[in-house]
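Examination of the molecular architecture
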Amino acid sequence: MDHDEKAPTGIDPNVPSIARVYDYWLGGKDNFAADREMGDRVKAAVPEMPLMAYHNRLFLRRVVWFLAGEAGIGRFLDLGAGLPPMENVHEVAQKARPEAEVVYVDNDPVALTHARALLATTGNTHVVDGDLYEPERILAEADALMGLDQPIAVMMLAMLHFMPDKDAHRIVRTVMDALPPESYLVISHIGDTPQLRKAASFYSASGTGAVLRSPERIAEFLDGLELVPPGVVPLPEWRPDGSVPALDRMTGMAAICGVGRKR
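So, a few notes on the structure that sits alongside this text. Think of each chain on its own: its residues are numbered from 1, step by step along the sequence as written. Reporting of local features is limited, given that this is a predicted model, to residues whose pLDDT is at least 70; pairs of side-chain atoms are given and counted only at 80 or more, and all residues count toward the totals for whole chains, interfaces and linings. With hydrogens and water set aside, each side-chain value is computed from the structure's full complement of heavy atoms.

**Focus: the overall build of the chain**
- A run of DSSP states H or I qualifies as a helix once it reaches four residues; a run of E qualifies as a strand once it reaches two. Both are numbered from the N-terminal end. If you tally the helices and strands in the chain, you get ten helices and eight strands.
- Relative accessible area decides the class of each residue, using a 1.4 Å probe on protein chains only: under 20% of the type maximum gives buried, over 50% gives exposed, and in between gives partly exposed. Looking at the chain residue by residue over its 263 residues, the buried ones come to 54%.
- Note on contacts: a residue pair qualifies if any of its non-hydrogen atoms lie within 4.5 Å across the two residues. Put simply, 71% of the contacts in the chain that link residues at least 6 apart link residues at least 24 apart.
- For the area figures, the Shrake-Rupley method with a 1.4 Å probe applies, and any residue is considered shielded solely by the protein chains shown. Accessible surface, the chain: about 11300 Å² in total, of which carbon and sulfur atoms supply 52%.

**Looking at helix H3 (residues 49-68)**
- Multiplying 1.5 Å by the residue count of a helix minus one yields the expected span of that helix. In a regular helix each residue adds 1.5 Å, so 20 residues correspond to 28 Å; H3 covers 29 Å between its end C-alpha atoms and thus fits that length.
- For H3, a buried count of 16 out of 20 residues is recorded, marking the element as mostly surrounded by other parts of the structure.

**A look at the side chain of Ser183**
- If you trace the backbone, Ser183 turns up in the loop between helix H7 (165-177) and strand E5 (184-190).
- A polar side-chain atom of Ser183 sits 2.8 Å from the main-chain carbonyl oxygen of Pro180.
- Excluding anything up to four places from it in sequence, Ser183 contacts Pro151, Ile152, Met176, Gly260, Arg261 and Lys262. Here a polar contact is recorded for every N or O atom pair within 3.5 Å, except that within protein the pair must consist of a potential hydrogen donor and a potential acceptor, and residues adjacent in sequence are included only if both atoms are side-chain atoms.

**Here's the deal with the environment of Ser214**
- Relative to the helices and strands, Ser214 is located in the loop between helix H8 (194-205) and helix H9 (215-219).
- Overall, the relative accessible area of 23% leaves Ser214 in the partly exposed class.
- Taking the C-alpha atoms as reference points, Ser214 and Ala254, 40 residues apart in sequence, are found 9.3 Å from one another.

**A short note on the packing of aromatic side chains**
- Note on ring pairs: Phe, Tyr and Trp rings are taken, using the six-membered ring of Trp, and paired if centres are within 6.5 Å. Classes follow the plane angle, with under 30 degrees stacked, over 60 edge-to-face and the rest tilted. The tally for this structure, following the rule as stated, stands at three aromatic pairs.
- Their ring planes at 80° and their centres at 5.6 Å tell us that Phe59 and Trp238 sit as a pair that is edge-to-face. One end of the pair, Phe59, is in helix H3; the other, Trp238, is in the loop between strand E7 (233-234) and helix H10 (249-254), with 179 residues separating them in the sequence. Comparing Phe59 with Trp238, the two get one shared label, buried.
- Ring geometry for Phe66 versus Trp238: centroids 5.8 Å apart, planes at 75°, classification edge-to-face. Here Phe66 is found in helix H3, whereas its partner Trp238 is found in the loop between E7 and H10, with 172 residues between them in sequence.
- Classification of Trp238 by relative accessible area gives buried; the value is 0%.
- A network of ring pairs unites the aromatic residues Phe59, Phe66, Tyr184 and Trp238 as a single cluster.
- The rule is short: NZ of Lys or CZ of Arg within 6 Å of the ring centre and within 35 degrees of the ring normal puts a charge over the ring. The ring of Phe66 has Arg239 lying over it, and the distance from NZ or CZ to the ring centre is 4.4 Å.
- One Lys or Arg, Arg239, reaches over the ring of Trp238 and ends 5.3 Å from the middle of that ring.

**A closer look at the layout of surface pockets**
- Volume-wise, the largest pocket comes out at about 820 Å³.
- Around the largest pocket sit 38 residues that line it, and Ile18, Ala19, Ala158, Met159 and Phe162 are the ones nearest its centre.
- Contributions of two or more residues to the lining of the largest pocket are made by helix H1 (18-25), H3, strand E2 (101-106), E5 and strand E8 (255-261).
- Among the elements that take part in the lining of the largest pocket, H3 stands out by supplying six residues, more than any other. Put plainly, a pocket is an open set of points on a 1 Å grid over the protein atoms alone with protein on both sides within 12 Å along at least five of seven lines, a cavity is a set where a 1.4 Å probe fits but cannot get out, and a lining residue has an atom within 4 Å of a point. Grid points are joined across faces, edges and corners, and a volume is the space filled by probe spheres set on the points.

**Observations regarding the pairing of strand E1 (residues 75-79)**
- Counting buried positions over the five residues of E1 gives five, a clear majority of the element.
- Burial of E1 is two-sided: the residues Arg75, Leu77 and Leu79 facing one way and the residues Phe76 and Asp78 facing the other way are all buried.
- At least two bridges found by DSSP between two strands is the condition for calling them paired. In this structure, E1 lies alongside E2, joined through five bridges in parallel fashion. Along E2, the bridge assignment pairs Phe76 with Val102.
- Where E1 meets strand E4 (residues 153-157), three bridges bridge the pair, whose relative direction is parallel. Considered in E4, the bridge of Asp78 is made with Met155.

Next comes the structure, spelled out in structure tokens:
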């Protein structure tokens, strides 16, 4: 069946979306021909990209389990939730802590439809149609939905590399300054390699700029926070468990993650 014939009102299926390209790489069905074409072009330049996307989801599962369990976090703010066909934040968090609340934030119409469908399974899951460039409004809505008076885990996975330095650091600072001590920031970010520069050029050509950063520049987003061991590391090296398959060196080094705790 032609996916494009079912595009919801207000969505141009001929314009690729970051969230839907990511969904395509992970084997999802919420994508259109333009998304698949973009995904294939990026994959042709960097064959490991779908594997990096997969390991980003494995990292999400491990870190949310850690936060909801060992760290005792009961509230999660997922900025740029996307369209993951694998386990979602609320599914992992509520296994460890049934009362955990999650606010998903995105501005892609398909991603929002997907996220709102999650409300049928739990009353502790909320969805905000929000632009990350307006963090104050997102914080106000999250406060109204679940409150920001207790420690929050902020998830910013595979998002910061689509923002220029000035905006990315402003958004991170605005969000973390508004949260109480013992809150956490979780980030993942593609690195700066010759192969990924090719992929970035495809995104730029489609109107979505990608900013590649070294591990040192990625770590700057966690400045002022206490790093959770093992620190800022390649995705498969953050508290690996039996779910993490072997990776070749390029893939392991190209995607970086880190977790920081607000003192």
